Amino acid sequence: MARRVVVTGIGMLTGLGNDVESNWRAMCEGRSGVDTVKAFDASDQETRIASEVKGFDPTAYMDRKEVRRNDRFAQYAMAASRQALTDSGFTITEENADDVGVIIGSGIGGLNTCHEQFRVLFDRGPDRVSPFFITMFITDIAAGIVSMAINARGPNFATVSACATGANAIGEAAEMIRRGDAIAMIAGGSEASSTPITLAAFGSMHALSRRNDDPQGASRPFDAERDGFVVGEGAGILLLEEEAHARQRGARIYAELASYASNADAYHITEPSPGGVGLARCMRRALDKGHLNPDDVTYINAHGTATLYNDREETAAIKTALGDAAQQVAISSTKSMIGHTLGAAGGVEAGVSALSVYHGIITPTLNLTHPDPQCDLDYTPLTAREAKVNVAMSNSMGFGGHNAVLVFRRYNG
């Protein structure tokens, strides 16, 4: 019989705060972390807003030498991982270290380092490029440095599936626990995406909101006046644990990770498949694997990017996957408050889903003041809602046609 997997620790950094407590409070209050870009001079960009991590001190989690040798995405990953481990009360020892693993993904990796070192190459020549460039840039380094810092010697790698990255990391980590490869896994995603090339590249695709005069009103999932997503950054990490082990040590359990599914649209590099059929198949597979029915789902943390196609096709996917039950389920988009954290999104939103199950609160979709007639489900507009959340589903979709769905269930012992 497959082992059960539970969430015993959460770590989080976003534009709303640098820990779980500040993020959860702000989300329940319906606040936005979007503002004008502060990380660099964005005056020449068409989009000059983002949801940036603010006031982050990496030396609270790493020594100064390690800070200098790691890109911001890896620093965020380290911070959120240490938070999750501390939150869980789990102690890694010589006896269990081989059974504790780390899977942390990033959609882009060390983009800040790449930007800086290419400038060095072109301006000062190849002999001035940093010897740490490769290890600062490669996406797997976050999982590597976290494992070294906490002595986790179990399974260790990175996932890269664009905006489904964090969800895939968590789902694959859970599968490792289920089959007996680990007793605990640190898993999620991290992204440091507030860079000139990020805004320029997504801007050239016409994917970004251009509401520069209204930053906090710019991310508008499922709203008829939405005009694109807002770049966000941060990290979301879960400590997943084998249920019997967590119970034995008396751990606080946020939720059970009941099931996970992933698939491909096999349709288009950026657009979801028409009618959201790929995501719908993924949602149904996740329900089937968890032995759940559509009407068991209380809440869906939607991918909800605030782009025209995503919101429309995700709505269609939910209707297809849940049938009549789609009209009763509560849905919301965390991205309305923190922007789109790209490879970190699935990790952050998994954390929010687990917290919703644990606290019985559905966080809101901000800026949903003019609902799109094609997005006609219950998207929890503007304010949070108290509700007993028995089953929460977290949807993730990525460029390349990647879909990943995580299903969390209220833990019943």
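The coordinates are above.
All of the points below concern the structure found in this document. Values in this document were obtained by computation on a predicted structure and should not be read as measured data.

**A few points about the packing of aromatic side chains**
Point 1. Following the criterion strictly, the structure yields nine aromatic pairs and no others.
Point 2. Centroid distance Phe-56 to Tyr-61: 6.3 Å. Interplanar angle 20 degrees. Geometry classified as stacked.
Point 3. Between Phe-118 and Phe-133, the ring centres sit 6.5 Å apart and the planes meet at 85 degrees, which makes this aromatic pair edge-to-face. Of this pair, Phe-118 sits in helix α4 (residues 111-124) while Phe-133 is found in helix α5 (residues 133-137), placing the two residues 15 residues apart along the sequence.
Point 4. We classify Phe-118 as partly exposed; its relative accessible area is 39%.
Point 5. A relative accessible area of 16% places Phe-133 in the buried class.
Point 6. Three or more aromatic residues link up through ring pairs in this structure, and these residues are Phe-118, Phe-122, Phe-133 and Phe-137.

**Quick word on the side chain of Ser-194**
Point 1. Tracing the backbone through its elements, the reader meets Ser-194 in the loop between β6 (184-191) and α8 (196-204).
Point 2. There is a polar contact of 2.5 Å between the side chain of Ser-194 and the side chain of Glu-52.

**Details of the sheet that holds strand β13 (residues 391-398)**
Point 1. A sheet is described by the order of its strands in space; here 10 strands give the open sequence β5-β4-β6-β7-β1-β8-β14-β13-β9-β10, paired in mixed fashion. For this open sheet the edge positions go to β5 (156-157) and β10 (330-332), each flanked by a neighbour on one side alone.
Point 2. Bridge count for strand β1 (residues 5-13) against strand β7 (residues 234-242) is eight bridges, and the pairing is antiparallel. By the bridge assignment for β7, Val-6 is matched with Glu-241.
Point 3. In the packing of helix α3 (residues 72-88) onto the sheet, the strands contacted are β1, β4 (100-105), β6 and β7, and the crossing angle to β1 comes to about 135 degrees.
Point 4. In this fold helix α6 (residues 141-150) packs onto β4, β5 and β6, with an angle of close to 150 degrees to the strand it touches most, β4.

Criteria and thresholds
Residues numbered from 1 in each chain as written. Predicted model: local features only at pLDDT ≥ 70, side-chain atom pairs only at ≥ 80, totals over all residues. Heavy atoms only, no water. Phe/Tyr/Trp six-rings, centres within 6.5 Å; stacked < 30°, edge-to-face > 60°. Helix = DSSP H or I, 4+ residues; strand = E, 2+ residues; numbered from the N terminus. Buried < 20%, exposed > 50% of the residue type's maximum accessible area, 1.4 Å probe, protein only. Polar contact = N/O pair within 3.5 Å; in protein donor to acceptor, adjacent residues only side chain to side chain. Pairing = 2+ DSSP bridges. Contact = heavy atoms within 4.5 Å. Axes fitted to C-alpha atoms, helices over the stretch in contact; angles between N-to-C directions.

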